[in-house]
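Fold and geometry: a report
Below, each chain spelled out in residue letters.
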Amino acid sequence: MAKQREPFYVTPLWRTLRQQCLTRDGYRCTVPGCRTPTQELTADHIQRRPRDISTPTAFDVLANLRTLCGPHDRSVKETSTGRRRNDGRLAVAGCDASGRPLDPNHPWNRRRAPAAS
Ligand SMILES: [Zn+2]
């Protein structure tokens, strides 16, 4: 059975907020280093809004929204318990949460040889 969409997500306010979020973020996923193609973008509430409330809440503001690609949105999607998957941590495969590659041999991680003294 198809999951019923929450009533808030069909309101004009949400449509406007979602559009503002995508525009602000340049129609790109906001996870550092993410290069996922952008056909499937979501305006995600950073702090989750209460469920089944169709009227605006304090969580429905642009500052509480971020653009995520489909894979990143799904990686932190709330489960039926209301908790986010991966404890809400977003990362690109092979990178830490800031987007830095985990590979110690990546050029960003190479340390310069100590200066001769
Ligand atoms: Zn992404």
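Look above for the structure.
Residues numbered from 1 in each chain as written. Predicted model: local features only at pLDDT ≥ 70, side-chain atom pairs only at ≥ 80, totals over all residues. Heavy atoms only, no water.

**Thoughts on the state of the cysteines**
As a reminder, the rule being used: Cysteine sulfur atoms are paired as a disulfide whenever they fall within 2.5 Å. For every residue, the accessible area obtained with a 1.4 Å probe (protein chains only) is divided by the maximum for its type, and the residue is called buried under 20%, exposed over 50%, and partly exposed between those limits.
Applying the stated rule across the entire model yields zero disulfides. With no disulfide of its own, Cys-95 has Cys-34 as its nearest cysteine by sulfur position, at a separation of 10 Å. For Cys-95, a relative accessible area of 16% corresponds to the buried category.

**Thoughts on the pairing of strand β2 (residues 65-69)**
Applied cut-off: Comment: elements are numbered from the N terminus, with helices defined as DSSP H or I runs of at least four residues and strands as E runs of at least two. A pair of strands is treated as paired once DSSP finds two or more bridges between them.
Counting buried positions along β2 gives five out of five residues, so the element sits mostly inside the fold. Both faces of β2 are covered, namely the face carrying Leu-65, Thr-67 and Cys-69 and the face carrying Arg-66 and Leu-68. By the bridge criterion, five bridges tie strand β1 (residues 41-45) to β2 in an arrangement that is antiparallel. Note on β2: the bridge partner recorded for Ala-43 is Thr-67.

**A few points about the coordination of the zinc ion**
Angles at a metal have ideal values that depend on geometry: 109.5 degrees with four tetrahedral donors, 90 or 180 degrees with six octahedral donors. Threshold: Each metal site lists N, O and S donors within 2.8 Å (3.2 Å for Na, K and Ca). With water left out of the atoms, a site can look as if it is missing ligands. In these descriptions, tetrahedral denotes four donors with every angle between 85 and 135 degrees, square planar four donors and octahedral six donors with opposite donors over 155 degrees apart and the rest between 65 and 115, and irregular any other case.
At 2.0 to 2.3 Å from the zinc ion lie its protein donor atoms, namely Cys-29 (SG), Cys-34 (SG), Cys-69 (SG) and His-72 (ND1). Note that the zinc ion binds four donor atoms; their angles at the metal cover 101 to 114°, and the shape is tetrahedral. Spacing between the donor residues of the zinc ion along their common chain follows C-x4-C-x34-C-x2-H.

**Points about the packing of aromatic side chains**
We apply this condition: Note on ring pairs: Phe, Tyr and Trp rings are taken, using the six-membered ring of Trp, and paired if centres are within 6.5 Å. Classes follow the plane angle, with under 30 degrees stacked, over 60 edge-to-face and the rest tilted. Any Lys NZ or Arg CZ that is within 6 Å of a ring centre and within 35 degrees of that ring's normal is treated as a charge sitting over the ring.
Using the criterion set out here, one finds three aromatic pairs in the structure. Ring centres of Phe-8 and Tyr-9 lie 5.6 Å apart, and the angle between their planes is 70°; this geometry places the pair in the edge-to-face category. A ring pair is formed by Phe-8 and Trp-14, whose centres lie 5.7 Å apart and whose planes are at 55°; its orientation type is tilted. Exposure class is identical for Phe-8 and Trp-14. Each is buried. Counting every residue linked through ring pairs, the aromatic cluster contains Phe-8, Tyr-9 and Trp-14. For Arg-49, the ring lying beneath its charged end belongs to Phe-8, and the centroid distance is 3.8 Å.

Fair warning: the whole summary comes from geometry, so function is off the table for now.
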